[in-house]
Amino acid sequence: MSDCCSTNPKTGTAPLVMVCPVNGARSKQVDILTVKSLVRRLPLGMLNTQYYFCDASDCDVVYFALEVDGPRFLREDMVVRVGAKETADPIPVCYCFGFTRKDIEDEIVETGRSAVADRIKTEVNAGNCACEVRNPSGKCCLGDVARASTELTGSDVLLVRYVSRGVGSAQPHRNLLASSACVVPCHDPFGHGNRLRCQLA
Ligand SMILES: [Zn+2]
């Protein structure tokens, strides 16, 4: 790649964090290469400056420039759905390998945990990721994937679905300890006759 596409004279002197001019959310620096990669149509004469990524879910701005009169790019300008700003499926969490929040959720319902982060780690270690040109934040998705997994694993709704699937099977109800008081009376797998027979078998 030629230098004209990647150099940014202001990087290093610009503040690391700026507030989004629309909703005031603290927004971190993003490399101009990421902006150029993920904005569908770049404006002619696009300002070569430091850009920032607003990840607030209630704001349509995705990227804004250091200069107040510089360009702003909105959700609709992007070639990908920005997971941090989406509330309906598909909500991307990993842009290199295409994992969505639903993939993690399905795995937790199926097995009680998600191995998506482990699979991504293997790919990252093999040098197969390209976060700087695929992820709107320009950063590795593993932090977001881990956060989504933790949130979903702690979700009572998913736990109930997982426990329900386990009733009558040999699958132990190990996740019940983590569930809230309302989960047990509704599904009470310990009161289920199959449970005892399974354990004795
Ligand atoms: Zn914003």
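This structure is a prediction, so every number in the text was calculated from the model and none was measured.

Thoughts on unusual backbone geometry
For the bond from D89 to P90, the omega torsion is -5°, close enough to zero to count as cis. By the element assignment, P90 lies in the loop between strand 5 (72-74) and helix 2 (101-111).

Overview of the pairing of strand 2 (residues 26-30)
Bridge analysis of strand 1 (residues 17-19) against strand 2 gives three bridges, and the strand direction is antiparallel. What sits directly across from V19, in strand 2, is R26. What sits between the antiparallel neighbours strand 1 and strand 2 is a turn of six residues, in which G24 has the positive phi angle 80°. As paired elements, strand 2 and strand 3 (residues 51-53) share three bridges and run antiparallel to each other. Of the residues in strand 3, the one forming a bridge with K28 is F53.

Some thoughts on the sheet that holds strand 3
Taken in spatial order, the five strands of this open sheet run 1-2-3-4-5, and their pairing is antiparallel. Strands at the two margins of the open sheet, each flanked by one partner only, are strand 1 and strand 5. Averaged over all pairs of adjacent strands, the angle between strand axes in this sheet comes to 35°, irrespective of strand direction. Here strand 3 pairs with strand 4 (residues 61-65) via three bridges, running antiparallel. Pairing of Y52 across the sheet is with F64, part of strand 4.

Quick notes on the rules
Residues numbered from 1 in each chain as written. Predicted model: local features only at pLDDT ≥ 70, side-chain atom pairs only at ≥ 80, totals over all residues. Helix = DSSP H or I, 4+ residues; strand = E, 2+ residues; numbered from the N terminus. Pairing = 2+ DSSP bridges. Axes fitted to C-alpha atoms, helices over the stretch in contact; angles between N-to-C directions.

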